[in-house]
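Letter by letter, the chains look like this.
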Amino acid sequence: MAAVRALVASRLAAASAFTSLSPGGRTPSQRAALHLSVPRPAARVALVLSGCGVYDGTEIHEASAILVHLSRGGAEVQIFAPDVPQMHVIDHTKGQPSEGESRNVLTESARIARGKITDLANLSAANHDAAIFPGGFGAAKNLSTFAVDGEDCKVNKEVERVLKEFHQAGKPIGCDASMSLPAPAPWWSWNAALCCPGLSCVWCWQGESRTCMGEHQ
């Protein structure tokens, strides 16, 4: 008799499990999760550029790689840059400044964005899930004065606002760099105004990814 009861119990358990897997036995959320045609909301990512060209703006290879991976991940990307003059213009064939030439960061960044770019003043953390800053010396020259002032640098007011907004909202801030800076830490972490407790980012340095927490506080 005990064997019969055990057999009946096992059959009932199997039937219950089958019912939970059948369409009628799932909750609406379970059915939606398993239905491949149900669309998932795309991540809304803001990509912040600092010009066009590794020595005086955004590193183009890095920006392109980020855009490719975001596209593959199904993200909705909007590209931004500050509407300010570049610190200077570098002749990339010589690696030297071009005397008497000036360019605008927003205008130059539009080359990478194929014209679809927005003034950084219009970026709001409320409209995006994450912000990413590609590498290039433009981060140290146009988004901040790190290239000239080092740890006493000032950060562009719109960049500072954006970083603080995303931080306060608890949203990811990503940055990428190969050889753009002399130290493996976010350029803004040297700025006293941005070294607020808990300010963190995903930082990529020479192929390594890690999370920084206001290292220079």
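Residues numbered from 1 in each chain as written. Predicted model: local features only at pLDDT ≥ 70, side-chain atom pairs only at ≥ 80, totals over all residues. Heavy atoms only, no water.

Labelled according to an unreviewed UniProt entry, the chain appears under the name Glutamine amidotransferase class 1 domain containing 3, originating from Gorilla gorilla gorilla.

## Looking at the layout of surface pockets
Where empty space is left can be seen by rolling a probe of water-molecule size over the atoms. Volume-wise, the largest pocket comes out at about 230 Å³. What lines the largest pocket is simply Ser64, Leu67, Val77, Gln78, Ile79, Ile112, Ala113, Arg114, Lys116, Ile117 and Thr118. Listed by contribution, the elements that provide at least two residues to the lining of the largest pocket are helix H3 (60–72) and strand S2 (76–81). With three residues, S2 is the largest single contributor of residues to the lining of the largest pocket. Considered class by class, the residues forming the lining of the largest pocket number six nonpolar, three polar and two charged. (1 Å grid on protein atoms, 1.4 Å probe; cavity = no way out; pocket = protein on both sides within 12 Å on 5 of 7 lines; lining within 4 Å. Points joined across faces, edges and corners; volume = space filled by probe spheres on them. Helix = DSSP H or I, 4+ residues; strand = E, 2+ residues; numbered from the N terminus. Nonpolar A, V, L, I, M, F, W, Y, C, P; charged D, E, K, R; others polar.)

## Side note on the nonpolar core
Membership of the largest hydrophobic core comes to 17 residues, with the highest contact counts inside it found for Leu47, Leu49, Leu70, Ile79, Ile117 and Ile132. Counting residues per element, this core draws most heavily on helix H4 (residues 105–112), which supplies four residues. If sequence neighbours within four positions are ignored, Leu47 has contacts with Ile66, Leu67, Val77, Gln78, Ile79, Phe80, Ile132 and Pro134. In terms of nonpolar packing, the next biggest core, distinct from the first, is built from 16 residues, Ala46, Val155, Leu163 and Phe166 among them. (Core = buried A, V, L, I, M, F, W, Y, C linked by side-chain atoms within 4.5 Å. Buried < 20%, exposed > 50% of the residue type's maximum accessible area, 1.4 Å probe, protein only. Contact = heavy atoms within 4.5 Å.)

## Considering the confidence of the model for the chain
Looking at the chain as a whole, its pLDDT mean stands at 74, while 63% of the residues score no less than 70. Summarising per-element confidence for the chain, the mean pLDDT is lowest in strand S8 (residues 200–205) (40) and highest in strand S5 (residues 118–119) (98). Below a pLDDT of 50 lies the segment residues 31–38, which in the model reaches four contacts outside its immediate sequence neighbourhood of four places, other chains included. (pLDDT = per-residue confidence, 0-100.)

## Section: the pairing of strand S6 (residues 130–133)
Here S6 shows a buried face lined by Ala130 and Ile132 and a second buried face lined by Ala131 and Phe133. Note: strand S1 (residues 44–48) against S6, three bridges, orientation parallel. In the sheet register, Val45 faces S6, and the bridge partner there is Ala130. (Pairing = 2+ DSSP bridges.)

## Description of unusual backbone geometry
Unusually for a residue other than glycine, Arg114 sits at a positive phi of about 55 degrees. Position of Arg114 among the secondary structure elements: in the loop between H4 and S5. The class of Arg114 is exposed, set by a relative accessible area of 76%.

## Observations concerning the side chain of Asn156
Mapping Asn156 onto the fold places it in the loop between helix H6 (146–149) and helix H7 (157–168). Asn156 sits in the buried class, given a relative accessible area of 16%. Once you skip the residues sitting within four places of it in the chain, Asn156 turns out to touch Pro82, Val84, Leu120, Asn142, Leu143 and Ser144.

## Concerning the environment of Ala147
Structurally, the position occupied by Ala147 is in helix H6. For the pair Ala147 and Phe137, spaced 10 residues apart in sequence, the C-alpha separation works out to 8.0 Å.

## Looking at the pattern of salt bridges
In total, this model carries seven salt bridges according to the counting rule given. Asp129 is paired through a salt bridge with Arg44; the nearest N and O atoms lie 3.3 Å apart. On the criterion of sequence distance, the pair formed by Asp129 in the loop between S5 and S6 and Arg44 in strand S1 is long-range, its members being 85 residues apart. A relative accessible area of 29% means that Asp129 is categorised as partly exposed. Between Glu165 and Arg161 there is a salt bridge, with the nearest N and O atoms lying 2.9 Å from each other. One end of the pair, Glu165, and the other, Arg161, are both in helix H7, four residues apart, so they sit about a helical turn from each other. Residues participating in the shared-partner salt-bridge network are Glu101, Arg103, Glu108 and Arg111. (Salt bridge = Lys/Arg side-chain N within 4 Å of Asp/Glu carboxyl O.)

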